[in-house]
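# Structural overview
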Amino acid sequence: MGDLIDLDVGDILYDIVTKDVGVLLNRYDGTRTLPFESTAQLWVWDVFWTGERYTLYTESGLVNMISEGRLLLYRNT
């Protein structure tokens, strides 16, 4: 497997296709919003994108897009 990608509040994402820039705002447990009971862990991120758009992404979706090169990750350090 590849390197572990840890995301943190304030990290910046760059979408190489749309050229949008996003900032990770908040991470929360998405299982509490499901309409059914689940034992799986579902982490969700609020992302603020250029153009004043807020979008929700699953953490696994973001990690996959970073691993595949669709999103570039710039850490807030």
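Read on for an overview of the structure.

Reading the values: rules and limits
Residues numbered from 1 in each chain as written. Predicted model: local features only at pLDDT ≥ 70, side-chain atom pairs only at ≥ 80, totals over all residues. Heavy atoms only, no water. Phe/Tyr/Trp six-rings, centres within 6.5 Å; stacked < 30°, edge-to-face > 60°. Buried < 20%, exposed > 50% of the residue type's maximum accessible area, 1.4 Å probe, protein only. Lys NZ or Arg CZ within 6 Å of the ring centre and 35° of its normal. Helix = DSSP H or I, 4+ residues; strand = E, 2+ residues; numbered from the N terminus. Contact = heavy atoms within 4.5 Å. Patch = residues over 30% accessible without salt bridge, like charges linked within 9 Å, V, L, I, M, F, W, Y side chains within 5 Å. Areas by Shrake-Rupley, 256 points an atom, 1.4 Å probe, with all protein chains shown as cover. Salt bridge = Lys/Arg side-chain N within 4 Å of Asp/Glu carboxyl O. Core = buried A, V, L, I, M, F, W, Y, C linked by side-chain atoms within 4.5 Å.

### Some remarks on the packing of aromatic side chains
Scanning all chains against the criterion turns up 2 aromatic pairs. Measuring from centroid to centroid gives 4.8 Å for F48 and Y54, while their planes differ by 55°, and the two rings are tilted. Take Y54: its relative accessible area is 63%, and that puts it in the exposed class. Where W49 meets Y57, the ring centres are 6.2 Å apart and the plane angle is 65°; that geometry is what we call edge-to-face. Across the ring face of W43, the terminal group of R27 is positioned such that the distance to the ring centre comes to 3.8 Å.

### Focus: unusual backbone geometry
In this structure, K19 takes a positive phi of about 70° despite not being glycine. Within the element layout of this structure, K19 appears in the loop between β1 (12–15) and β2 (21–29). A relative accessible area of 53% means that K19 is categorised as exposed. Phi is positive for E52, which is not a glycine, with a value near 55°. Mapped onto the elements, E52 comes out in the loop between β3 (43–49) and β4 (53–58).

### A short note on the side chain of E59
Along the chain, the position of E59 falls in helix α1 (residues 59–67). Under the relative-accessibility criterion, E59 is labelled buried at 18%. If sequence neighbours within four positions are ignored, E59 has contacts with L7, R27, W43 and W45.

### Comments concerning a nonpolar patch on the surface
A surface patch of nonpolar side chains, about 470 Å² in accessible area, is lined by I12, I16, V17, V21, L72 and Y74. Inspection of the secondary structure assignment puts I16 in the loop between β1 and β2. With a relative accessible area of 36%, I16 lands in the partly exposed category.

### Observations regarding the nonpolar core
Of all hydrophobic cores here, the largest spans 11 residues; its members are I5, L7, L13, L24, W45, V47, W49, L62, V63, I66 and L71. Every element with two or more residues in this core is listed here: β3 and α1. Those residues in contact with L13, other than ones at most four positions away along the chain, are D20, V21, G22, L24, V47, W49, L62, I66, L71, L72 and L73.

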